[in-house]
Amino acid sequence: MSNKVTCLLVVFQTLWCILKFAKAGPTVLPELSFNAYEDAKTIWSAVDGWGTSEDKISRVLCRRTYEQRMKIATSFEIEHGNLKKKLEDETSRDLKKLYSRLLESPAAILSNDMFETIEGKRKDYGAVTEILCATSNEEKFNVAVHYTTFFNMTVMDHVKNYKKDNYDYQIALSEYCWRSYCEIPRLDYPQAIGEAIRLFYTNPKTDCEKFKKQLQALFHTFCIPDIRLILKCYRSFYEGGIEEAIKESMQGEEAEAYTALTLSIEDRYKYFAGLLKAAMDGVGTDEDRINRIILNTCETYLGDILEEYKCMFEKGFIKRLKGFKGEFGTQPHYVTALKLLCNDKDD
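Residues numbered from 1 in each chain as written. Predicted model: local features only at pLDDT ≥ 70, side-chain atom pairs only at ≥ 80, totals over all residues. Heavy atoms only, no water.

## Considerations on the overall build of the protein chain
Counting its secondary structure elements, the protein chain contains 21 helices and zero strands. Counting all 347 residues of the protein chain, 47% fall into the buried class. A total accessible area of about 17,900 Å² is found for the protein chain, and carbon and sulfur atoms account for 54% of it. (Helix = DSSP H or I, 4+ residues; strand = E, 2+ residues; numbered from the N terminus. Buried < 20%, exposed > 50% of the residue type's maximum accessible area, 1.4 Å probe, protein only. Areas by Shrake-Rupley, 256 points an atom, 1.4 Å probe, with all protein chains shown as cover.)

And the structure:
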């Protein structure tokens, strides 16, 4: 009897640990009963004839993975023509933008946003910094491949033409951000404390150049887990953490780049949660940033971002989205589509 009780306790403790430390992960998973032909048929019924059933389209496209959406587009084209063009003709405003991007790969979304921003074709402030500084090794690789394939240039060759008048910003972007960081930790806790103390003893206000060089050396020398540990130790010494020190020693786009890099290393979910909030703060709404973050992460870690958003700002992203006002006012169909992509995790 006692053995049974012990076994039950072990099972209970194991389940409790799994539930406690489990990550929310993706919000869009492959549809198990997926049928490209039936989905294409559903979309055609939503756009054929008088009027368009936007929510009907969203219930299909926003609950399918990118690979499944591509199969739907192929099936649709056989009988009805190009799906992307048809949706652009049948919808408008923010929903039109979202549907168009649903038929692009995450790498294409990131690459196109960065390319058009550098070329001056769009005013997506912060896109270049966000993409270069806060992407994972896998995302960097995919963007690099897409750049070379479709734009016939490397990412860094293009970035060299961006903000030529701001050399420090160029250094922040090219030399330290766009590199494949090793993910294997090498430092133990005492060593990390030593590195944090060395950084702490350089006053960012009075000796900003030395502080900047030490920060650059940190990114250049250590791997992601080690940098994360050093920044955690630094936060225990310096009130406000590394982002406050960066504000005191740098300014403008250079400060923005280093802040994005450090915050995304410390806690990527928290960083993107902050960007989602900023996208809806103030006058107007940055729909491009909202679309980019949600579409790029919905199949990986958007659930974690939404959980962090709720912890940081009390009110969940979806609930706040209900009061969303885009460039053309309230857009209920657009909000519905985003809710589906987010899987209503914090509704």
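## Concerning the state of the cysteines
With the rule as written, the count across this model stands at zero disulfides. The thiol of cysteine 298 is unpaired, and the distance to the nearest cysteine sulfur, on cysteine 342, comes to 8.5 Å. Classification of cysteine 298 as buried rests on a relative accessible area of 0%. Assessed through its relative accessible area of 0%, cysteine 342 is described here as buried. (Disulfide = S-S within 2.5 Å.)

## Section: the confidence of the model for the protein chain
Of the residues in the protein chain, 84% have a pLDDT of 70 or more, and the chain-wide mean is 84. Here helix α1 (residues 2-21) is the element of the protein chain with the lowest mean pLDDT, 50, and helix α4 (residues 66-80) is the one with the highest, 96. (pLDDT = per-residue confidence, 0-100.)

## Concerning the pattern of salt bridges
Per the counting criterion, the structure on display carries 17 salt bridges. Measuring nitrogen to oxygen at the nearest pair gives 2.9 Å for the salt bridge that ties arginine 198 to glutamate 195. Within this pair, arginine 198 and its partner glutamate 195 are both found in helix α12 (residues 189-200), separated by three residues, close to a single helical turn. Among the residues examined, arginine 198 registers a relative accessible area of 47% and is labelled partly exposed. Where salt bridges share partners, they join Arg101, Asp113, Glu130, Arg289 and Arg292 into one cluster. (Salt bridge = Lys/Arg side-chain N within 4 Å of Asp/Glu carboxyl O.)

## Let's talk about the environment of aspartate 124
Mapping aspartate 124 onto the fold places it in the loop between α7 (106-118) and α8 (127-134). If we ignore the near neighbours within four places in the chain, the residues touching aspartate 124 are Asp113, Thr117, Asp286, Asp288 and Arg292. (Contact = heavy atoms within 4.5 Å.)

## Observations regarding the nonpolar core
Formed by 90 residues in total, the largest nonpolar core has its most connected members in Leu87, Met114, Leu215, Ile290, Phe317 and Leu341. Here the element with the most residues in this core is helix α17 (residues 268-280); it accounts for seven residues. Ignoring sequence-local partners within four residues, the contact set of leucine 215 consists of Leu199, Ile242, Ile246, Met250 and Tyr258. (Core = buried A, V, L, I, M, F, W, Y, C linked by side-chain atoms within 4.5 Å.)

## A short note on the side chain of glutamine 68
Inspection of the secondary structure assignment puts glutamine 68 in helix α4. Under the relative-accessibility criterion, glutamine 68 is labelled buried at 9%. Beyond its immediate sequence surroundings of up to four residues, glutamine 68 is in contact with Pro30, Glu31 and Phe34.

## Things to note about helix α18 (residues 287-297)
Counting buried positions along α18 yields ten of eleven residues, so the element is predominantly enclosed. All of the buried residues in α18 are Glu287, Arg289, Ile290, Asn291, Arg292, Ile293, Ile294, Leu295, Asn296 and Thr297.

## Comments concerning helix α15 (residues 241-249)
Of all the residues in α15, the buried ones are Gly241, Ile242, Glu243, Ala245, Ile246 and Ser249. Here the buried face of α15 lies against α12, α13 (208-221), α14 (224-237) and α16 (252-266).

## Concerning unusual backbone geometry
Positive phi, close to 55°, is recorded for arginine 93, a residue that is not glycine. Among the secondary structure elements, arginine 93 is positioned in helix α6 (residues 93-102). Take arginine 93: its relative accessible area is 42%, and that puts it in the partly exposed class. Look at asparagine 152: it is not a glycine, yet its phi comes out positive at around 55°.

## A closer look at the packing of α7 against α8
At their nearest, the axes of α7 and α8 sit 9 Å apart, and the two run at 135° to each other. Between α7 and α8, the interaxial angle falls into the category oblique. When the axes of α7 and α8 are compared, the crossing they make is left-handed. Taking contact as the criterion, the partners of Leu110, Asp113, Met114, Thr117 and Ile118 in α7 are, on α8, Ala127, Val128, Ile131 and Leu132. (Axes fitted to C-alpha atoms, helices over the stretch in contact; angles between N-to-C directions. Parallel < 35°, antiparallel > 145°, perpendicular 65-115°, else oblique. Left-handed = near helix turned anticlockwise from the far one by under 90°.)

## Considering the packing of α13 against α15
Two elements in contact, α13 and α15, have axes whose closest approach is 10 Å; the angle formed by their N-to-C orientations is 135°. Judged by the angle between their axes, α13 and α15 are oblique. Judged by the sense of rotation from one axis to the other, the crossing of α13 with α15 is left-handed. Contacts from Cys208, Phe211 and Leu215 in α13 reach Ile242, Ala245, Ile246 and Ser249 in α15. Here the residues of the contact of α13 with α15 sort into six nonpolar, one polar and no charged. (Nonpolar A, V, L, I, M, F, W, Y, C, P; charged D, E, K, R; others polar.)

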